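# Analysis of the macromolecular model
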Amino acid sequence: MPSRGPHDMVCLTSGANPLQARVWQEALEDEGIVCQIRGLYEDFGVGDTSGFHVTVWVKTADQGRAEAVLRE
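Here's a quick rundown of the structure.

## Side note on the packing of helix 1 (residues 18–30) against helix 2 (residues 63–71)
- Between helix 1 and helix 2, the shortest axis-to-axis distance is 10 Å and the interhelical angle comes to 120°. What the angle tells us is that helix 1 and helix 2 run oblique. In terms of crossing hand, the pair formed by helix 1 and helix 2 is right-handed. Two secondary-structure elements touch here, helix 1 through Trp24, Ala27 and Leu28 and helix 2 through Ala66, Val69 and Leu70.

## Here's the deal with the sheet that holds strand 1 (residues 9–15)
- Taken together, 3 strands build an open sheet; the order of strands is 1-3-2 and the sheet is antiparallel. Of all strands in the sheet, those bounded by a partner on one side alone are strand 1 and strand 2 (35–38). The average angle at which neighbouring strand axes cross in this sheet is 25°, direction not considered.
- The strands touched by helix 2 are strand 1 and strand 3 (54–59); relative to strand 1, the strand with the most contacts, the crossing angle is about 20°.

Analysis parameters
Residues numbered from 1 in each chain as written. Predicted model: local features only at pLDDT ≥ 70, side-chain atom pairs only at ≥ 80, totals over all residues. Heavy atoms only, no water. Axes fitted to C-alpha atoms, helices over the stretch in contact; angles between N-to-C directions. Helix = DSSP H or I, 4+ residues; strand = E, 2+ residues; numbered from the N terminus. Parallel < 35°, antiparallel > 145°, perpendicular 65-115°, else oblique. Left-handed = near helix turned anticlockwise from the far one by under 90°. Contact = heavy atoms within 4.5 Å. Pairing = 2+ DSSP bridges.

As far as function goes, none of this settles anything; it's purely spatial.
And the structure:
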């Protein structure tokens, strides 16, 4: 099994609401946690957001802290 480095990313959460993903991103970044939202623009321009599936990714080292932020 490969070892994980400090910059490895893990999926923290996922959902179908791009707006919620942005709220999560802002909450995490307010706490100094770098994150990435993936899948945000996959269906851009279609006009129907029901097909969205966004995921929020954080560094492995930040996972526990990030989970606590989203629970609050």
